[in-house]
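Below are the chains, spelled out letter by letter.
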Amino acid sequence: MSSAFSRHSVVTLLIVISLLLAESAAASGHNFLASIGDYTSGSFSPERNETFGIPVFIPSSEQVKALQIEIRTGDDDLVRTLKAARVSSTVSEYLIEWNGRDSNGSIVPDEAYHPVLVVTDTDDETHRLDSRTQSGGEEVYDFEKHIKPGTIEYILPAASRVLVRAGIKNGPLLRTVVDWEPRTKGFHAERWDGMDADNLVHIEQNPDVGYLIVGYQLPDKSIITYGNDRETYRQYRERHGLPLREIAFEKRLPERNGRVIRQEFYNPLLQQKSPGIEVVLLDEESRQPVDRIVGFGEVLTELRLNALDEIYLDQERYEISFFIDNRFIAEEEQGFVPFVWRWSPGRLGIEPGEHLLTVNVSGYRGQVGVRNLAFRVIEEDQGATAEGK
């Protein structure tokens, strides 16, 4: 009886262990047929004819019939499928190389790509290991940062997508230095000239300058490419007509393993970027561009958006804010374009002289577009003299 009880206990224990292992595998996204190993580096330059080796480990190779890796963008577009030359029942370690080109032979734009491991077993069943389902998006903010003249330094705890902004505390954003760009784990020094987005004012010299440096982790095993100065990610998507994919809100996680997931992770990459805006000062009567304004005369500020960014922002609410010399002046909480703001320097208490107009277009998903314009306010008699000439 004791022996029978012992055998029963062992069987029960084995069943429990199997169930726990299965649950653990499901929770971690680990596929026991195969896994992607650690990289020697997290980035490479296809422009320099470099290749990237993706190590794959198969613990029970006799159970695997075929092996391939899908290279996908951050928007989950398939750009290339890499296949192992031959899977042998006696070989458990493989190295699959990617040359940084898509299925058409073109070098991919600088971005972060994630490999999806696709394994076919001897029963012709397909298994997928996609790191995006179990990792990525975890907020990173509590990391070492240093602001130095001409350089913004920081150390990332993991490969991440990073946003660096510079502006005036309690005032406008003046420049996006790094616009949700992928960065490898470790030390980074972002070099910049300290100027605003339109090269009009030196932000670093302002005593009220403020910086925002945040990010979120990339999915595990992401691969970052660099060195392609000929085509941006936006241009690549437009050239190939790749669709805009939205992840349904019910499929978005607020956190994972106790860590907050930044919701930008679930948005299309281009929708995370700062929108492109065009701003022009127009004479009220002639509707011609001007850079000089008579004190109590009225001027029109016309704003337009980049066509693609307009499509993105129209899917959500956005607001338009106006600042003069870094001081908030006006806003439109429900933005639309083309937008025209009519105003008078004299009525706003703006003295004659050189001034800076800053326009921020802020999407409700965190994007901010910036445009700065220099203008001069002149006296009434100066305006009359100018007209006489």
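Residues numbered from 1 in each chain as written. Predicted model: local features only at pLDDT ≥ 70, side-chain atom pairs only at ≥ 80, totals over all residues. Heavy atoms only, no water.

**Q** Could you clarify how one ought to interpret the overall build of the protein in this entry?
**A** Broken down by element type, the protein carries 5 helices and 26 strands. Each of the 389 residues in the protein was classed as buried or not, and the buried ones make up 46%. If you take every contact in the protein between residues at least 6 apart in sequence, the share linking residues at least 24 apart comes to 66%. Looking at the protein as shown, the accessible area adds up to about 20,500 Å², and 49% of this sits on carbon and sulfur atoms. (Helix = DSSP H or I, 4+ residues; strand = E, 2+ residues; numbered from the N terminus. Buried < 20%, exposed > 50% of the residue type's maximum accessible area, 1.4 Å probe, protein only. Contact = heavy atoms within 4.5 Å. Areas by Shrake-Rupley, 256 points an atom, 1.4 Å probe, with all protein chains shown as cover.)

**Q** Sorry, what's going on with the sheet that holds strand β12 (residues 160-168) here?
**A** Note on sheets: strands pair through backbone hydrogen bonds, and any given pair is parallel or antiparallel. In space, the 4 strands of this open sheet follow the order β9-β15-β12-β13, with antiparallel pairing throughout. Looking at the sheet topology across the chains shown, the edges are occupied by β9 (139-140) and β13 (173-183). Here 2 bridges tie β9 to strand β15 (residues 209-217), and the two strands are oriented antiparallel to one another. Each residue of the ladder has a partner; that of E139, found in β15, is Y216. (Pairing = 2+ DSSP bridges.)

**Q** I would appreciate a short explanation of the confidence of the model for the protein in the present structure.
**A** Detailed reading of the predicted coordinates is not advisable wherever pLDDT falls low. The pLDDT averaged across the protein works out to 89; a share of 90% of its residues lies at or above 70. Residue range residues 1-31 is modelled with pLDDT below 50. Its contacts to residues more than four positions away, or to other chains, number 13 contacts. (pLDDT = per-residue confidence, 0-100.)

**Q** It is not clear to me how the sheet that holds strand β21 (residues 299-305) should be interpreted in this structure. Could you clarify?
**A** Spatially, the 3 strands line up as an open sheet ordered β19-β21-β24, and their pairing is antiparallel. Edge strands, defined here as strands with exactly one partner in the open sheet, are β19 (277-283) and β24 (339-343). Taken pair by pair, the neighbouring strands of this sheet meet at an average axis angle of 20°, ignoring direction. The pairing of β21 with β24 spans 5 bridges and is classified as antiparallel. Bridging from a neighbouring strand, L300 pairs with R342 of β24. (Axes fitted to C-alpha atoms, helices over the stretch in contact; angles between N-to-C directions.)

**Q** Hey, could you run me through the pairing of strand β4 (residues 64-72) in this one?
**A** In the case of a regular strand, side chains alternate between the two sheet surfaces. Note: β4 against strand β7 (residues 112-121), 8 bridges, orientation antiparallel. Note that in β7 the partner of A66 across the bridge is T120. With 5 bridges joining them, β4 and strand β5 (residues 78-83) adopt antiparallel strand pairing. Pairing of R72 across the sheet is with L78, part of β5. Counted along the chain from β4 to the antiparallel partner β5, the turn is 5 residues long, and its residue D76 has a positive phi close to 70°.

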